[in-house]
Amino acid sequence: MDIEKQINEITGFKNLELLATQVVEGFISGLHKSPFHGFSAEFAEHKIYNNGESTKHIDWKLYAKTDKLYTKRYEEETNLRCHLILDNSSSMHYPKLKDFNINSLNKIGFSVLASAAIMNLLKRQRDAVGMSIYSDAYEFYSNEKGSERHHHMLLQHLNTALSQARKEVQTKTYTHLHLIAEKLKRRSLVFLFTDMFQSDAEEEQLFEALQHLKYNKHEVVLFHTFDKSKELEFDFNNRPKRFVDVETGEHINLYADTIKETYEEAVKEYFDALKLKCGQYRIKYVQADINAGFNKILTTYLVERQKFG
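Thresholds applied
Residues numbered from 1 in each chain as written. Predicted model: local features only at pLDDT ≥ 70, side-chain atom pairs only at ≥ 80, totals over all residues. Heavy atoms only, no water. Helix = DSSP H or I, 4+ residues; strand = E, 2+ residues; numbered from the N terminus. Contact = heavy atoms within 4.5 Å. Buried < 20%, exposed > 50% of the residue type's maximum accessible area, 1.4 Å probe, protein only. Pairing = 2+ DSSP bridges. Right-handed = clockwise from strand over helix to strand, strands pointing away. pLDDT = per-residue confidence, 0-100. Salt bridge = Lys/Arg side-chain N within 4 Å of Asp/Glu carboxyl O.

A.B. asks: Kindly report on the overall build of the protein, identifying the contributing residues and their values.
C.D. replies: Secondary structure summary: the protein contains ten helices and ten strands in total. Once local pairs closer than 6 in sequence are excluded, the contacts in the protein between residues at least 24 apart make up 76%.

A.B. asks: Can you break down the pairing of strand β4 (residues 128-134) residue by residue, with the values?
C.D. replies: Of all seven residues in β4, seven are buried, a share of seventy percent or more. Burial along β4 is two-sided: the face carrying Ala128, Gly130, Ser132 and Tyr134 and the face carrying Val129, Met131 and Ile133 are both buried. In this structure, strand β3 (residues 81-87) lies alongside β4, joined through seven bridges in parallel fashion. Bridge assignment links Ile85 to a residue of β4, and that residue is Ser132. Between the parallel pair β3 and β4, the chain is carried across by helix α4 (residues 107-124), and the sense of this crossover is right-handed. Across five bridges, the pairing between β4 and strand β5 (residues 138-145) is antiparallel. By the bridge assignment for β5, Met131 is matched with Ser142. Between β4 and β5, which pair antiparallel in sequence order, lie three residues.

A.B. asks: Hey, could you go over the confidence of the model for the protein for me, with residue numbers and the actual values?
C.D. replies: Mean pLDDT over the protein: 81, with 77% of residues reaching 70 or higher. Low confidence marks residues 1-10, where pLDDT is under 50. Its contacts with residues over four positions away, or in another chain, come to seven contacts.

A.B. asks: Tell me what's going on with the pattern of salt bridges, and back it up with residues and numbers.
C.D. replies: Pairing between side chains becomes possible if they bear opposite charge and their charged atoms approach one another. One pass over the full model with this rule turns up eleven salt bridges. For the salt bridge of Glu25 with Arg124, the shortest nitrogen-to-oxygen distance reads 3.6 Å. Within this pair, whereas Glu25 is found in helix α2 (residues 16-29), its partner Arg124 is found in helix α4, the two being separated by 99 residues in sequence. Taking the shortest distance from any N to any O, the salt bridge between Glu204 and Lys277 comes out at 2.7 Å. Placement of Glu204 in helix α7 (residues 200-215) and of Lys277 in helix α9 (residues 260-280) is noted, with a sequence separation of 73 residues between them.

Right under this line is the structure:
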């Protein structure tokens with residue numbers, strides 16, 4: 001038995017579905033204080049009965065409680081198809097954690113919980129969800145479905161992605177996006193969680209792949225996932241440190257203060273360029289700081305769902 005391996009093994013979220021439900025319910029409870037007042041009605045698993053419709057799907061138990069007629073909504077009534085895409089390369093597992101909870105997240109943990117929360121909303125609205133997870137290989141793909149069994153299967157794969165050890169695993173996101181674009185046969189709302197770490201040449205190829213999705217009539221939202229304090233503001237103390245590229249193993253020894261200002265300027269310029277390019281390609285760009293909570297993610301989902309038609 002490899003005890004050291006067991007000690008260091010990451011087991012993911014203990015109850016991903018419960019955490020996702022808590023995130024969503026907290027978000028919904030705050031909607032009445034936001035510009036989205038009234039949208040919460042769309043989270044019901046029922047729809048108001050209209051005169052002339054068949055009565056066979058009326059929920060009589062709910063009628064007894066509310067004195068209002070509602071009909072149950074079924075999978076075949078799905079009016080949205082959503083595909084979640086997760087970058088599972090080594091850089092997404094920064095910073096390295098041994099335990100995950102809503103207050104202790106790295107980039108992949110944030111992306112997993114955000115995806116589970118979006119799935120929770122889709123489930124409540126009887127919409128269909130599919131998923132792709134990739135790193136140096138295409139790790140998982142499932143087309144869009146709305147069943148309970150499918151939902152739990154996707155949650156299991158999300159937790160598996162979180163718990164897999166990552167050591168110097170690189171990825172070429174654009175290769176997998178082209179494959180996904182070919183697999184998605186029906187128009188979908190596509191959410192991509194990635195930290196956008198790639199070379200300049202690969203960046204151009206990435207946007208070509210995103211354009212492939214747009215060409216196939218999908219709506220694309222890029223959640224640019226990063227740790228703002230470390231990766232944008234370079235918030236490290238000034239003791240000598242070794243900075244290691246988690247995808248290549250290359251490293252450099254330096255004092256953080258010697259490059260902090262130059263680093264911040266370069267990263268801000270890169271982020272601004274990404275936002276501009278996404279605008280040019282008609283891709284929704286959302287900065288997703290892993291320390292800022294999930295409201296921006298779920299609000300984006302709400303807005304894009306309302307626009308999707």
